[in-house]
Structure formats: structure tokens, C-alpha cells
Amino acid sequence: MPSMMAARRSNPLLKSLPRFLTWRSLGFRTICSGRLGFAPSDPDPEPPVSTAGTKFLETFREEFEIGSRLITFETGKIARFANGSVVLGIEETKVLSTVTSSKGDSVRDFLPLTVDYQEKHFAQGVIPSTYLRREGAPKERELLCGRLIDRPIRPLFPAGFFHEVQVMASVLSSDGKRDPDVMAANATSAALMLSDIPWGGPIGVIRIGRIGGQFVVNPTMDELSLSDLNLVYACTKDKTLMIDVQACEISEKDLEAGLRLAHPEAVKYIEPQIRLAAKAGKHKKDYKLSLVSDRTLEKLRNLTEAKIEAVFTDPSYGKFERGEALENIAQEAKRTLEEECDTESLTVLSKVVDRVRKGVVRNRIIAEGFRVDGRRLDEVRPLYCEAGYLPNLHGSSLFSRGDTQVLCTVTLGAPRDAQRLDSLVGSPTKRFMLHYSFPPFSINEVGKRVGLNRREVGHGTLAEKALLAVMPPEDDFPYTVRINSEVMASDGSTSMATVCGGSMALMDAGIPLQEHVAGVSVGLVSEVDPSTGEIKDYRIVTDILGLEDHLGDMDFKIAGTRKGVTAVQLDIKPAGIPLDIICECLEPALKGRLQILARMEQEISAPRSQDHRNSPRLATLKFSNDALRRLIGPLGVLKRKIEEDTGARMSVSDETLTIIAKNQTVLERVQEKIDFIIGREIEVGGIYKGIISSIKEYGAFVEFNGGQQGLLHVSELSHEPVSKISDVISVGQQLSLMCIGQDVRGNIKLSLKATLSQLGICLMNKKSRNLQAILKLYGLRNRIVSKKTKEPESDDSDASIFSSGLSSHTEDRLNDEDAKVVSPLSAKSLKLGMQVTAMVYQIRALGLVLDLGNGVRGMYRFETNGKRDFEIGDELLVKCTSFSSKGLPVMSLVDDE
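Right, let's walk through the structure included here. Every value quoted in this text rests on a predicted model; they were computed, and no experiment measured them. (Residues numbered from 1 in each chain as written. Predicted model: local features only at pLDDT ≥ 70, side-chain atom pairs only at ≥ 80, totals over all residues. Heavy atoms only, no water.)

**Details of the environment of His263**
Defined as follows: Comment: elements are numbered from the N terminus, with helices defined as DSSP H or I runs of at least four residues and strands as E runs of at least two. Burial here depends on accessible area, computed with a 1.4 Å probe over protein chains only, as a share of the maximum for the residue type. Under 20% is buried, over 50% is exposed, and the range in between is partly exposed. We call two residues in contact whenever any of their non-hydrogen atoms come within 4.5 Å of each other.
Here His263 shows up in helix 6 (residues 252-267). Of the residues examined, His263 reaches a relative accessible area of 13% and is grouped as buried. Between the alpha carbons of His263 and Cys235 there is a distance of 6.9 Å; along the sequence they are 28 residues apart. When sequence neighbours within four positions are dropped, the list of residues in contact with His263 reads Tyr233, Cys235, Thr236, Lys237, Asp238, Lys239 and Leu579.

Below, the structure is given as C-alpha cells:
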């Protein structure tokens, strides 16, 4: 319309048009976006141009300082429909936390609290690297941060409040300078204060570090990398709610000092939340609470208390026997109530029976000082330790404390096997991992194995933090380490059993740990004054059972070495415990830990040497980047070919090659192939494997050491005169040759007779048990002779070198009974009565599997009263006595003369 009016003003002819010729006279408005619109019957004057109104968002803010950093609580600008929402900001890092609750009446008998923490890539201006370019399932870090928020807020919901509550915390922006997890926990507390959900907050959550002996409040990520303490502390105004610690063997005294510093610093978060709630908070709604009436409670107590007390006073009950007896008591009470048609009591039967059980156990501990299994309050359960339970693995251990049993295994890997982390803060990789698994059979239940489990992730991370403090530095031990903890049976404190088992498995793997690490869980049973809510009496319990964890007030897990604490995790059930009681628990935890460490050190006290075991091997070699490029080959072809041929794995980084092999033999094969491709520094007197590339009248050219050329002169072929070189060696033949120097032009001079002379010296030693290894080194392994004829079975070119290259004294030595090795062995050439030097390949229940050379395997059955103490790799002189139905040679031992 404005354009039409302008057109009329600019063209006077349009003004003079009669009305019957206009669009409006025909009932149309105008042409707009290519469409005709109908006008109203009574044309109105042109409406005035209107503008959109401005919406004003009422925002409330609270600003305060902690540890010289400005902190801001803000609400009202975003997420206005949530029951409560708060944005907490420190500099450029902002975290949003929202809370909501279900509207209907509760039909549950527990609090369904869900905490979801999420770090999206947009918070740092990054697009996800996934295929769909969007965030996927929650990562381990997100689950851990969700647990960090859940643990301090859960105890403050009122008893009987069973409505569904959901907390969602999201990082809106991150500058990478500080961890957003503590910020999210404080923002969640403020959001709960603003909501109409009944909750006993607010709380304050603080992080404390220590650099050079000085505590640091709210440290940055850079400061945490220098700190020997990472303490997260949550509390109300006067009580402790949650503690989470990772430390480098900090003493109990210093840990207590850190806790006492953390409390007043955390309390500084509380007053701003109260002021914000006064400005913008909702009135707390009267939710329906699921409480048990006094009449029902008294009735069920009279039915079950005496019988339950009889079960708990009998220490002969095991975990499952006790559980079965208690279940029978509950079923008897159920039948009684069904006969009386007491539906109200039937509804709350399981809850009340659990309360009665709790009262019986707690009263007995406080009044008499006796526990369910008859132990003293500070007594640790019986221990069982076994290192090397699975000898074919890198490392393994079996640890039992009472009925709790954990199997730990260690696997070593190359640096490239490190886990890649995708988080807003922290290191991008992790080279030490501990994965904890809690299968349902460990508690005799049926269940499904699903994905990441919050409990398993939390327990595994706690044990990982405990062991990380004693791991060798990356410069000294660059390998990736993975511990698998499989819970075989659970009756309390499996995470601390994982710490103990993991420490032994690491030493069994030969990892140079600084100290053993052990962990123990400490519990609390208290008696509370109902009028004031204050604790009037309490008992500290060491090494708690699963039942004591369930019926007690707290689970205080403390792990460390003899020198100090490495990890702590405190979870509580009541609405806070005084810090003085928490600090008092450190002493009995230390006593229990020292008892466990003493038993672990009896089993294995130092990292085990791997030389004598047929276990996987790792080697780190240094090469120039040019040499590594030659090894990798075009598109990695050569590297993949070596891995396929040997079964080993190779990892290449800057001037470093890491080899992971199944055993020592495979490692040697890989190193031989690498030496052939890359080569090694040539030394006079060194022995190198090479291949004859061409033969001349004066000698032969040999390619060795990664493509280098050397000359094997005719005079260096043998101690005896050689008339024709081709009678002794041939093109393509592989030989072990000694470097004897360089000529004036720098050409490398090689010698075969010097190599064979060294072999002769080895054979002169009658007591040598390494004959097979020596012959294999020189390409002469497993040459046999018939005991009757003493003549070679075949005339191989290597055999001719072997016979012609040695001195006459050495030949006589080879004809002796100790060296019945002349020609290469094959399955067809092996005959009855032949004597062979074999190597023990496998040890089985009824006998041995022998390696006869060239891929030929033989069997040896143990004799009734014969020798059985063999080891893999032993050299044996055996004789072929028969063949099995499958064609395998059956061997017998030849007595040494």
C-alpha cells in the first residue's frame, strides 16, 4: 500500500481515474506477493503502520566473591517455564540448571530423582566430530558430574517425598579455565531454592587445591595440573553432605586441614541463594508425603521385631542365609495381615520391615558394640590375596575380603591405545583406565548387561583415582594401561576391593608402582535426638558389610598408601553429618588400611619381573622420522604386512616406535623385520642377518641392515680353501654375518668364517643349554643325524656351509653325542630312532608339546615316575619312538651320557 500511494503522488493521471476503474470498485484490495486479495465492502481509510511491542524480562541477580573470583547467580531471563532455573557464571563460563517435578500424586516408595548433566560442543564454539555432527549418549564425564550433583542434594528431600524430580544442568559457555561441575552443583541448589519443591537446602559446593603446600580455593584447570590435591566439598550451613578427593598421598592431618578450610568457603555460596530466593522464589507447595502411621508401625514392629533380632544376633548366618531368614519373617507377617484383611499395613509392609531391621541392627551396634557378623567395630574381615591368578595375561590378581571377591586383570598397550576424551576441560587423552563391572551373578540375581551404568562408572573412577597417584610418570613408562575389575561376589565395598586387587595386578604386570594402594570403607551408626535432630551418640564402624552400608548413615571410602591418602568418597543418608565426626573417621580408616597393606605385601611386595614368563611383551625403540617413514611404507603397507605376519601391533609417534607382541619370540621376529627394513648402527664385531644379492669371482654382495650393501670376500667364506663360491652360497640365501671392518672406500666388510668360529666356541661348551637358540640365530637350527649312520639326511646348502666353515676341532665336537644336529628337519625326513634337540612348546596335564623345528610338532607323554618339572623354552634331546593316529611324532627323552 505505501508503494501504491507513492505511485499516485508521482503520477497525476492516477489521481484523476474514476472510481469505477479502480481495483477497489471491483471488490479487490491490491496485488501483494503475486496474489489478489478481496477488500471489505466498506473501504476504510489506510490503517497506520504498527510496530511490535517490546517484551521486558524481569531478571534477578546476586553477585559475590569467593577466592578472589566474582560469581553471579541469575534467574528470570531464560528457561522461565521451568519450576526453578538459575544461570551461574564465573567470568566467561556459564552453567544453566533447571529443576522440575511431576504433578500427580506419588505411587512409589522411593524418591525418583534424576540428574542429567550435559556438555555440548557449542559451549566452546566447536562442531561435534561424530558422523551425525551432534552429541550422542552421555559420556563418562557427564555421568560423573551428574553423580556429583545428585549426591549432596538427595539427602535433603523430606522423608516420604516420592514425587519424580528431574534436574538438568547444561554448560552454556566455557572458557576452558575451570571445571563446570562445581558450578552446576551450586546452580542446582539455587534452582531448587527458587522452585516450589520441598527441599532442605541451600547447600554450598567448593573445590580446594594445594600447590606447594598452600591451599587454593576454586583453582583453575592450570592450577589443578600443579596441585597434589583435588578436593570437592559440599555442605549445609553446619553439616557435611559430600566429599570427593583425588590426592597424591596426602597425609590425614593435611586432609583434615583441607576439609576444615573448605567448609567456611562453601558456606559463602549459601547466603546469596537465600537472598535470590527471597526476591524470585516460589512458595513451597504442599506435596503429598507417603508416611507410615504410628499405629501401623507399632503393629508391624510387634509382629516382626523379636524374630528379626534373633536372626541378627546369630553370627553363624551368611549373607544369603540371613536374607532368606528375614524374607521368611516378612512372609509370615504378610500372611497374618492377609488373614486380618489389613490392606493399609500390607501396602507398607516391606518398608516397615526394613525400618524394623534398621532399628535392630543400629541399637545393637550402639548399645552393645556388636556387629551383624560378630566382629568388633574396628575389625577388618579375613583377607585372601593371590597375584598372578591368570599367568598368561600381562597381570592379574584375586582379592577377597570376607565374602566380597574381585578379579582384576591388567592389559598393557601402546601410547596410541590411550582413551580419547571429548570434554570441555582437561586432558584430551587418558593413558590409565580402570573399568569396573558388577555382573548380576555377584549377588545371585538375574539381570541384563546394558550400556554405561552410573554406579559402575562411579566405582571404577574412584578406584582409578586411587591408583593413579602411584603410577610411574609417562616419561618413564609411556604405555597405556587398562585394568578390568570383575566383581565375582559382593558383600560390601567392592570399589575398595578393586583398589586392592588392581594394585596387586599392576605389580604382577611388572609396572614399577611406587607403593601398594589399599582401600577400606568406614561406616557410621548414630542415635539422633528426635526433638532437635542432633546426634547424641554414635559408633564408627570399619570395613562395613553391604547390610551395614544399607542400614547405616554413611559410606566413607578412603584409599591410600602407607604414606597418605590418594582418594576419598563420602556418601551419606541423613541430612548432613558434623565435620568433626567425619574427621574422626580418618584414624580408624588408616588402621584398617595398614592391616590390608601388610597382607598384600606378603603376597607381592615389588613389581614382578617378566623375563621368565610367556607373557606379552612391549618394546619402545627410537628412530629418526625418516627411518619410521621407510618402515611404514606407502600408505602403511609395510607396517601392516609386519603386523599380519607376526600378529604384533606397532604404534608410531614422533621418533618413537612402540611394539606390542604376544610373547618374546614374536617380539624378536618383529625386531628382525624392523632391523632388515630400517637397519641399525653398524658396529665392528656385530652380527647381522643378510641376503646374498649377487655373486662375483672375488666374493658376494650382501644386502642387510635396511638396504645397506656389504662385501663377503671369498677369503671370509670358510676356514678351508673355497674353489668355487657358488658351491658354498647362492643368490637369495640368508646368512648371519659378522662385520669385521671397512675398506678404504668405506665399504662394509663381512665375514662368515668369523661367525662360524663364534658358533664353534659356543658348541665347545658342553654344559650349554642354549644350543637350539644359537643354531637358530645362525640359520642352522635342527639338523639331525641318524644314530646308526651319523650321515646327513640331506645335502642342503646351509649344511655344506656348516660342515665346511667350521674348524676340524669343532667338526669333531659336532659329531659328539651332545650335538646330533646336521640337516634341516622336515615332517617327511623324521624317522623312527632319530634323535632331535627339541624345545618345550606347551606344558599339558599328561605331557609336553615339543617344537621340533620348521613348524614340526611332537608329543612327549610323562612317565610314571619320570621328570615333570619342565618350563616352556627348555631344550631337550629326544628320540622318535612312534607316530600317533594323526601322524604326530611321539618322542621319548634320551638320557644324557
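Moving on from the model shown.
**Section: the sheet that holds strand 5 (residues 84-90)**
Within a beta sheet, neighbouring strands are joined by backbone hydrogen bonds and run either parallel or antiparallel to one another. Definition in use: Being paired, for any two strands, means DSSP has found at least two bridges between them. Axis definition: a line fitted to C-alpha atoms, over the contacting stretch in the case of helices. Angles run 0 to 180 degrees between N-to-C directions.
If you trace the six strands from one edge of the open sheet to the other, you get 3-4-5-6-8-7, paired in mixed fashion. This sheet does not close on itself; its edge strands, each paired only once, are strand 3 (60-66) and strand 7 (113-118). Averaged over neighbouring strand pairs, the angle between their axes works out to 15° when direction is ignored. In the sheet, strand 4 (residues 69-75) pairs with strand 5 via four bridges, with the strands oriented antiparallel. Following the sheet pairing, Ile71 is matched in strand 5 by Ile90. Relative to the sheet, helix 4 (residues 180-194) contacts strand 4, strand 5, strand 6 (93-101), strand 7 and strand 8 (165-173), its axis offset from that of strand 5 by approximately 145°.

**Points about the packing of helix 17 (residues 625-632) against helix 18 (residues 637-646)**
Inclusion rule: Each residue is assigned to one of three groups, with Ala, Val, Leu, Ile, Met, Phe, Trp, Tyr, Cys and Pro labelled nonpolar, Asp, Glu, Lys and Arg labelled charged, and all others, Gly among them, labelled polar.
Between helix 17 and helix 18, whose axes approach to 5 Å, the crossing angle comes to 65°. Of helix 18, the residues touching helix 17 (which contributes Arg630, Leu631 and Ile632) are Val637, Leu638, Lys639 and Ile642. Here the residues of the contact of helix 17 with helix 18 sort into five nonpolar, no polar and two charged.

**A look at the side chain of Gln273**
Note the threshold: Counted as a polar contact is a pair of N or O atoms within 3.5 Å, where, for protein atoms, one must be capable of donating a hydrogen and the other of accepting one, and residues adjacent in sequence contribute only when both atoms are in side chains.
Structurally, Gln273 is set in helix 7 (residues 270-280). From its side chain, Gln273 meets the backbone nitrogen of Ala190 in a polar contact 3.2 Å long. Look past the residues within four positions of Gln273 in its chain and what remains in contact with it is Phe73, Asn186, Ser189, Ala190, Met193, Pro202 and Ile203.

**Remarks on unusual backbone geometry**
Of note, the amide linkage connecting Gly201 to Pro202 takes the cis form, showing an omega dihedral of 5°. On the secondary structure map, Pro202 appears in the loop between helix 4 and strand 9 (204-211). Although it is not a glycine, Asp543 sits at a positive phi angle of roughly 55°. As for its placement among the helices and strands, Asp543 is situated in the loop between strand 21 (535-542) and helix 14 (546-551). Accessibility expressed as a relative area gives 0% for Asp543, which makes it buried.

**Describing the sheet that holds strand 13 (residues 383-387)**
Strands sit in the order 13-14-15-19-18 across an open sheet of five strands; the sheet is mixed. Strands with a single pairing partner mark the edges of an open sheet, and in this sheet they are strand 13 and strand 18 (432-437). Direction aside, neighbouring strands of the sheet carry axes that sit 15° apart on average. Relative to strand 19 (residues 480-489), strand 18 runs parallel, the two sharing six bridges. Considered in strand 19, the bridge of His435 is made with Asn484. Against the sheet, helix 12 (residues 454-468) makes contact with strand 18 and strand 19, and its axis sits at roughly 140° relative to strand 18, the strand it touches most.

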